[in-house]
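# What the coordinates show
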Amino acid sequence: MGSCYVILVVAFLVLANVLPSSSSSTTRRFQFNVKWKSVTRLCHTKPLLTVNGEFPGPTISVHEGDNVEVKVTNLVARNTTIHWHGIRQLRTGWADGPAYITQCPIGGGQSYTYKFTVMNQRGTLLWHAHLSWQRASVYGAFIIYPRMPYPFSAPIQAEVPIIFGEWWNADIDAVEGEMMLYGGGGNSSDAYTINGLPGVLYPCSKKDTFIQTVERGKTYMLRIINAALNDELFFAVANHTLTVVEIDAVYTKPFTTKAIMITPGQTTNVLLTANQFPDSHAGMFVMAARPYLSSVFPLDNSTTIGFLKYKDTKPQKTNPYTSVPPYNLPLLEDTAFATQFGDNLRSLASSQYPCNVPKKVEKRVVTTISLNLQDCPINQTCKAIAGKRFYASMNNQSFVRPSMSILESHYRNLTTNEYSYNFPEKPPNGFDYTGVDPLKENMNTEFGTRLLVVPYGTKLEIVLQGTGFLSLENHPIHVHGHNFFIVGRGFGNFDVAKDPGHYNLVDPPERNTVAVPVGGWAAIRLNADNPGVWFIHCHLEEHTSWGLAMGLIVKSGPDPSQCLLPPPQDLPSC
């Protein structure tokens, strides 16, 4: 850290690690107790890991500019961490949450207080556990209310969080454990959920169905969050259109759509006007979510449904719970809709909310995102295709988490052989990435923790190139610590000579999680202005477990305001 370290040590002694904030900021404090809770769904009762005994977990509601302190007390006999997904964590990487990247886990019986400031962000995000597959049940909404009025004129009657999740009848640790032991695919979930409820299409679930009461003529904001572990989802409401106004806590140019596609880790705010005449529907209109099937791998292909219930409608004697998903809900393999929906997303790019996309870049990194088939080690049983093991990689590097926090090692200049600073900035071998035979090529990968390092303020472009190994697939890639702009997407192989000429550098969508098209590529640009260590990974948890991830180190800048703050005193140790 050099002179920056010396400056920050002095700052720590003088300021006691006070977060950067304005004098008008409010500090909002929350208590999270990680604990077991007995939960019943689909006629199955099991102990579920929760926060405060709630499933989904409690909503964090703050205002733009607030300081936030969340004390997490771990009341179970296993490690855990919490990630504040989409919060930029400016200079406060210690509060980001991914285990062994920015912190050691919180052990059983221990506490850790995450402290950060919500700066220049407003909208809908989420929080979730970031160790193993714990986010299957440990997740919730993170809502940031803006300082200024919404940039759309429709009066909002109410704001309604809609959080998608997944439910396994089996113990999720056992599902993950078997997958990692034998190298096969993890068992699919038994249901999708809306706000923790699977809906009437699943066994024993009539009472576990989400119902939202609305008043005719009123407009509602749906804060939609995909907290599912392994699946992108389509969502629609029967006989109603949705107006998209925000994605990943960034305002968009509004557009109307019959449905949305949302990947794990993404959020979408939509306006819905209750403009139907509900008499013939018993006042009930189906809302539904089903997976976007972009892979040959088995998945839960079921549908979760809830209902919009119009206020003051007369109940019918017949069963009002229709089992028919909305006609406007895209089919499982509707890549055309997923593509068009993504193409419709544009930053608002107004004077008040400008689109600060880097027009020129100082570094371009091209990385493949691949599934891999590894030879089975001697004397082991492997249950993937052809008796091998599944892995995943970026530029043929399958990420291995070290035994201690990379951020702490980096900050303290510790010598370690657990990671290196030489992540390859282009694929090791060029080939027809998306046209390759899915099974006949050598798909063995290398293992390690190789990090990409850039100076503070680097204008960085990362081209995420899908491959056809095992299966063409849509990959939701999440970047910690930074928002980015999706300047280009396409099918097939990225062409450095032609494709940048078609980039959108005027109003590209700004996000923290990008859906890399099935059999294609996505180019993102960001300003690396947040010093620290940041995780970049696929938000399909199965793929992250297989190693589809990398680490980004942004060096501190020369000015004290461009330096990582010192670690808090209660930072967990490994």
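Each chain has its residues counted from 1, running along the sequence as written. Per-residue local features of the predicted model are confined to residues with pLDDT of at least 70, and side-chain atom pairs are confined, for both listing and counting, to 80 or more; whole-chain, interface and lining totals are unaffected and use all residues. Heavy atoms from the whole structure form the basis of all side-chain values; hydrogens and water molecules are not counted.

The name recorded for the chain in an unreviewed UniProt entry is Laccase, from Davidia involucrata. UniProt positions are given in the numbering used here, feature names are shortened, and annotations may be inferred rather than shown by experiment. The record held by UniProt for the chain lists under Function (unreviewed entry) the comment "Lignin degradation and detoxification of lignin-derived products." Entered under Sequence similarities (unreviewed entry) in the UniProt record, the comment concerning the chain runs "Belongs to the multicopper oxidase family."

The next subject is the environment of His 130. Think of it this way: any DSSP run of H or I at least four residues long counts as a helix, any run of E at least two long counts as a strand, and we number them from the N terminus. With respect to the helices and strands, the residue His 130 is situated in the loop between β7 (123–129) and β8 (139–145). Spatially, the C-alpha atoms of His 130 and His 83 are 5.8 Å apart, while their sequence positions differ by 47 residues. Residue contacts are counted whenever heavy atoms from the two residues lie within 4.5 Å of one another. If near-sequence neighbours (up to four positions away) are discounted, His 130 is found in contact with Thr 81, His 83, Gly 97, Pro 98, Ala 99, Arg 401, His 480, Phe 535 and His 537.

The next point concerns the domain arrangement of the chain. The figure often quoted for interface size is the accessible area lost as the parts come together. The split into domains, and so the bounds of each, comes from an automatic or database assignment of domains. Domain assignment breaks the chain into domain 1 (27–145), domain 2 (156–344) and domain 3 (363–554). Between the C-alpha centres of domain 1 and domain 2 there is a distance of 23 Å. Residue-level contacts link 26 residues of domain 1 with 42 residues of domain 2. Buried area between domain 1 and domain 2, both sides added, is near 3000 Å², and the carbon and sulfur share of it is 65%. For salt bridges, the criterion is a side-chain nitrogen of Lys or Arg within 4 Å of an Asp or Glu carboxyl oxygen. A salt bridge links Asp 173 to Arg 78; its shortest N-O distance comes to 2.0 Å. Polar contacts, as counted here, are pairs of nitrogen or oxygen atoms within 3.5 Å of one another; within protein the pair requires one atom able to donate a hydrogen and one able to accept it, and residues that are adjacent in sequence qualify only if both atoms are side-chain atoms. Between the two partners, domain 1 and domain 2, sit 13 residue pairs in polar contact (both at pLDDT 80 or more). Among the elements of the structure, β1 (27–41), β2 (44–51), β7 and β8 are those that each provide at least two residues to the side of domain 1 that touches domain 2. If one sorts the elements of the side of domain 1 that touches domain 2 by residue count, β8 sits on top with five residues. For the side of domain 1 that touches domain 2, a count of residues per class yields 14 nonpolar, seven polar and five charged. Defined in terms of a 1.4 Å probe, buried area is the accessible area two parts forfeit on being brought together, summed over both. Only Asp, Glu, Lys and Arg are considered charged in this grouping, and only Ala, Val, Leu, Ile, Met, Phe, Trp, Tyr, Cys and Pro are considered nonpolar; every other residue, Gly among them, is considered polar.

The tally for this structure, following the rule as stated, stands at 17 salt bridges. For Arg 412, the salt bridge goes to Glu 408, with nearest N and O atoms at 3.3 Å. The salt bridge involving Arg 525 is made with Glu 461; its shortest N-O contact spans 2.8 Å. With Arg 525 in strand β30 (residues 520–528) and Glu 461 in strand β25 (residues 458–466), the pair connects residues that are 64 residues apart, well separated along the chain. No difference in accessibility class separates Arg 525 from Glu 461, as the two residues are buried. Buried residues are those whose accessible area, probed at 1.4 Å on protein chains only, stays under 20% of the maximum for their type, while exposed residues exceed 50% and partly exposed ones sit between those limits.

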